[in-house]
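Here is how the chains run, residue by residue.
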Amino acid sequence: MVNTCVISFIPRNGRKSKKGIPIYCRIKIGKTIAEFSTKIRAKEGLWNNEFKRLSPKAEYSDSLNQSLDELDKKLKDLYFEFKGKNSSPISAELLKDIYFGKHIKVNGIIQLTEVFIKDMDKELAEGSLKNYRYTYRALEKYLIKDYKRKEIPLESISMKFAVYFEKYLKTNTSCTQNGAMKHLQRLKAILNYGIRIECLKYNPLSAYKIKFKKVLPKYLNKHELQTIESAIFQDKTLNNTRDFFLLACYTGLSYIEVKNLTKSNIIVGFNDNLWLSTTRQKTGTKEEVPLLPKAIAILNRYLTHYKETFPIYSNQAINRNLKKLAKLVNLNKNLSYHSGRHTFATTIALANGVPLETLQKVLGHNSIRSTQIYGQIMNEKVSQDFAKLIV
């Protein structure tokens, strides 16, 4: 008799709280059963026992039911993958362990990095995952260059390893001091994850000092912003790039937030004015921005023509085009799309008297410290503040 894998979701009524009833995933393979919490809760009366999903009346039911569907598919994919590679039987508990990464014996730093990226797929924003992939590739290249190997045991990771990895990053790649520190910061996080999944007893780099060089954000002053704003190019791509960049300058949105922008993000807010309501992918913080007239004009032009979503180019293409654009208008600045967010914070907001506390809320920063860095670069604002003291 062939054992089949049956995945079902069941409410644990005996564990209900003010937040609702926890939904558990049950794995049944033959006579074996294993269960674990899905971290999803349903309000009383809003769980459909027939379909084993949240009722359409439940808040966020579509996205939560989609998460349950994805979990169901993931477990079955792992089940069939194991069956295809192994002649030994698989139990429900073993499948559960495979899903949580407990079944994999991790011995090397490259393998641990792979496991980390895979396990963090749902927890980290895509931008953060992309950065961890950069660190993964940097580690691979470093091992081949200095160790002539594609993998080394976790026991070989030491303070000495970190010192020479940092040196490699600074001398063999385009990494700046801060770029190298970001790689090492991520490496320390990967090793901490190794402790969590019990393949390491301690972090060998816990005492390694991460030393960032203080770098002020690049932004456009009022004159530079007007120069780009008034520029008209023969190349339609550059004109579009200019508009996409100006949208960041007048809203403070990051690239990924503009990429995910739809008409539904534009709401009627306080005093019946138009606002942008989004969630920062980096921090998960709610971000609500009052729309300035110039931002409204750009949104109307592009969202009207392309209907629902904003038609922005890839981040790499935008940054490449911005460098061409800056050169054409004789602007001696190494612009990136994120420079638009910095321009909004400084030239548009702080230079016009918006308090740091308000700017923090608009930018979706979790901490005021992240916002205070903009105050450090506002010489114009400092000059105005001191002028008030002169009587």
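Relevant structure appears above.
What comes next concerns the included structure. These figures come from a predicted structure and were not determined experimentally. (Residues numbered from 1 in each chain as written. Predicted model: local features only at pLDDT ≥ 70, side-chain atom pairs only at ≥ 80, totals over all residues. Heavy atoms only, no water.)

### Looking at the packing of aromatic side chains
Tallied over the entire structure, the rule returns 15 aromatic pairs. A centroid spacing of 5.1 Å and a plane angle of 75° characterise the contact between Y79 and F80, whose relative ring orientation is edge-to-face. Between the aromatic rings of F116 and Y193, the centroid separation amounts to 5.5 Å while the plane-to-plane angle is 80°, which identifies the pairing as edge-to-face. Of this pair, F116 sits in helix α3 (residues 109-119) while Y193 is found in helix α6 (residues 177-196), placing the two residues 77 residues apart along the sequence. Owing to a relative accessible area of 5%, F116 belongs among the buried residues under this scheme. Overall, Y193 belongs to the buried group, its relative accessible area being 7%. Aromatic ring contacts, followed pair by pair, group Y142, Y147, F161, F165 and Y168 into a single cluster. Cation over ring: R12 sits above Y24, and NZ or CZ is 5.5 Å from the ring centre. Between the NZ or CZ atom of K333 and the centre of the ring of Y219, over which it lies, the distance is 5.4 Å. (Phe/Tyr/Trp six-rings, centres within 6.5 Å; stacked < 30°, edge-to-face > 60°. Helix = DSSP H or I, 4+ residues; strand = E, 2+ residues; numbered from the N terminus. Buried < 20%, exposed > 50% of the residue type's maximum accessible area, 1.4 Å probe, protein only. Lys NZ or Arg CZ within 6 Å of the ring centre and 35° of its normal.)

### What to know about helix α2 (residues 92-99)
Along an α-helix, residues three or four positions apart point the same way, because every turn accommodates 3.6 residues. For α2, the full list of buried residues reads A92, L94, L95, K96 and I98. Taken together, the buried residues of α2 touch β1 (5-11), β2 (21-29), β3 (32-42) and α1 (61-85). Just downstream of α2, G101 is the residue with a positive phi angle, here 80°. (Contact = heavy atoms within 4.5 Å.)

Don't take any of this as a statement about function, it's just geometry.
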